[in-house]
Amino acid sequence: MIEVVDLKKNFGETEVLKGVNLTIQAGEKIVIIGPSGCGKSTFLRCINCMEDPTAGHILFEGVDLADMKVDINVHRQHIGMVFQQFNLFNNKKILDNITLAPIYAANRERKRQQHARLRAKVHNFFHRKPLPTDAPAETIDPKKYKRDVPEVTRTKKQIKAEAEAYAYELLERIGLTDKANVYPSTLSGGQKQRIAI
């Protein structure tokens with residue numbers, strides 16, 4: 001699932017990671033142990049590309065995350081990270097903390113769909129001829145004909161409802177359904193950690 005090959009990270013003249021190699025299979029649990037300041041957090045931050053490695057490769061399901069051409073945000077949707085301070089928003093209830101990122105990402109996709117729909121409508125206003133079906137495809141310039149107008153698949157209410165339903169499923173899995181509408185300050189450290197995960 002994850003393969004790290006000769007990963008190096010320098011901060012100026014200081015070499016923090018010196019050619020780390022690691023393979024993690026799906027379902028495997030790995031522990032990274034070492035003294036304070038030895039590079040454990042830097043290594044984890046490199047895996048999620050929160051730090052750009054100086055050299056090496058980070059393969060996640062076959063895709064090299066260290067390649068600058070890769071859209072890391074697409075892959076971050078499948079990589080979770082829990083920090084030592086949990087990074088929960090203290091001014092938001094637990095349900096809001098869990099649904100914040102999925103709602104934001106889904107609304108961004110919805111906005112892309114709206115823009116694609118608008119572009120198609122504007123294009124079709126100036127190009128009223130339907131795409132011919134009898135001509136060979138290689139002879140057709142699609143810019144001169146009408147485009148299909150894509151649909152916006154979900155409303156904001158649907159996005160929020162789906163995110164909340166999934167959040168409740170996750171809370172049920174960790175036994176904290178009753179904490180959905182409380183603030184992080186009312187939770188124990190272990191509860192906060194489970195929420196962050």
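In the block above lies the structure referred to throughout.
Please read all numbers here as calculations on a predicted model, not as lab measurements.

Q: I'm lost on the overall build of the protein in this one. Help?
A: A count of helical and extended segments in the protein gives 5 helices and 4 strands. Secondary structure elements of the protein occur, N-terminal to C-terminal, as β-β-α-β-β-α-α-α-α. The C-alpha atoms of the protein give a radius of gyration of 23 Å, which is well past the 16 Å a tight globule of 197 residues would have. Summarising its shape, the C-alpha atoms of the protein cover approximately 70 × 45 × 30 Å along the three principal directions. The proportion of buried residues among the 197 residues of the protein is 25%. Considering only contacts within the protein whose residues lie at least 6 apart along the sequence, 56% involve residues at least 24 apart. Carbon together with sulfur atoms contributes 52% to the accessible area of the protein, which is approximately 13900 Å² in total. A distance of 9 Å separates the average location of the 31 positive side-chain charges in the protein from that of its 23 negative side-chain charges.

Q: Can you help me understand the nonpolar core in this one?
A: For soluble globular proteins, the rule of thumb is that nonpolar side chains tend to be buried together. Among the nonpolar cores identified, the biggest contains 14 residues, and Val4, Leu7, Phe43 and Leu65 are the most heavily contacted of them. Ignoring any residue separated from it by four or fewer positions in sequence, one finds phenylalanine 43 in contact with Val4, Leu7, Leu17, Val20, Leu22 and Ile32.

Q: I would appreciate a short explanation of unusual backbone geometry in the present structure.
A: Apart from glycine, the bulk of residues carry a negative phi angle, and the bulk of peptide bonds sit in the trans form. The backbone of aspartate 6 sits at a positive phi, close to 50°, despite the residue not being glycine. Inspection of the secondary structure assignment puts aspartate 6 in strand E1 (residues 2-11).

Q: Which parts of the structure should I look at to understand the packing of aromatic side chains?
A: Given two aromatic rings, their pairing is described by the distance between the two centres and the angle made by the two planes. Applying the stated criterion across every chain, the model contains 1 aromatic pair. Centroid distance phenylalanine 125 to phenylalanine 126: 5.2 Å. Interplanar angle 90°. Geometry classified as edge-to-face. One Lys or Arg, lysine 9, reaches over the ring of phenylalanine 11 and ends 4.9 Å from the middle of that ring.

Q: What's the story with the layout of surface pockets in this structure? I'm lost.
A: Rolling a probe over the atoms, with the probe sized like a water molecule, indicates the empty space that remains. Size it by volume and the largest pocket reaches roughly 1700 Å³. For the largest pocket, the lining is made up of 40 residues, of which Arg76, Ile79, Gly80, Ala101 and Pro102 are closest to its centre. Of all the secondary-structure elements, those providing two or more residues to the lining of the largest pocket are helix H2 (72-76), helix H3 (94-126), helix H4 (156-173) and helix H5 (189-196). In terms of residue count, the dominant contributor to the lining of the largest pocket is H3 (12 residues). Of the residues in the lining of the largest pocket, the class split is 25 nonpolar, 8 polar and 7 charged.

What counts, and where the lines are drawn
- Every chain begins its residue count from 1, and numbering advances along the sequence as written.
- The predicted nature of this model means local features are confined to residues of pLDDT at least 70 and side-chain atom pairs, given and counted, to a pLDDT of 80 or more, with totals for whole chains, interfaces and linings taken over all residues.
- As a rule here, side-chain values come from all non-hydrogen atoms in the structure, and water together with hydrogens is ignored.
- Under the scheme used here, helices are H or I runs from DSSP no shorter than 4 residues and strands are E runs no shorter than 2 residues, and both carry numbers assigned from the N terminus.
- Atoms counted for the radius of gyration: C-alpha only. Globule rule: 2.2 Å times residue count to the power 0.38.
- Using a 1.4 Å probe on the protein chains alone, a residue whose accessible area is under 20% of its type maximum counts as buried, one over 50% counts as exposed, and one in between counts as partly exposed.
- Between two residues, a contact is recorded if the distance between any of their heavy atoms is within 4.5 Å.
- Computed with a 1.4 Å probe, the accessible areas rest on the Shrake-Rupley method; for each residue, only the protein chains presented here act as cover.
- The charged-residue count follows a simple rule in which Lys and Arg add positive charge and Asp and Glu add negative charge, with His and chain termini not counted at all.
- Charge coordinates come from a single atom per side chain, which is NZ of Lys, CZ of Arg, CG of Asp or CD of Glu.
- Residues belong to a common nonpolar core when they are buried Ala, Val, Leu, Ile, Met, Phe, Trp, Tyr or Cys residues joined through side-chain atoms within 4.5 Å.
- The aromatic pairing rule takes the rings of Phe, Tyr and Trp, using the six-membered ring of Trp, and pairs them if the centres are within 6.5 Å, calling planes under 30 degrees apart stacked, those over 60 edge-to-face and the rest tilted.
- Over a ring means this: the NZ of a Lys or the CZ of an Arg is within 6 Å of the ring centre and within 35 degrees of the ring normal.
- Put plainly, a pocket is an open set of points on a 1 Å grid over the protein atoms alone with protein on both sides within 12 Å along at least five of seven lines, a cavity is a set where a 1.4 Å probe fits but cannot get out, and a lining residue has an atom within 4 Å of a point.
- Grid points are joined across faces, edges and corners, and a volume is the space filled by probe spheres set on the points.
- Ten residues, namely Ala, Val, Leu, Ile, Met, Phe, Trp, Tyr, Cys and Pro, are considered nonpolar, four, namely Asp, Glu, Lys and Arg, are considered charged, and the remaining ones, Gly among them, are considered polar.

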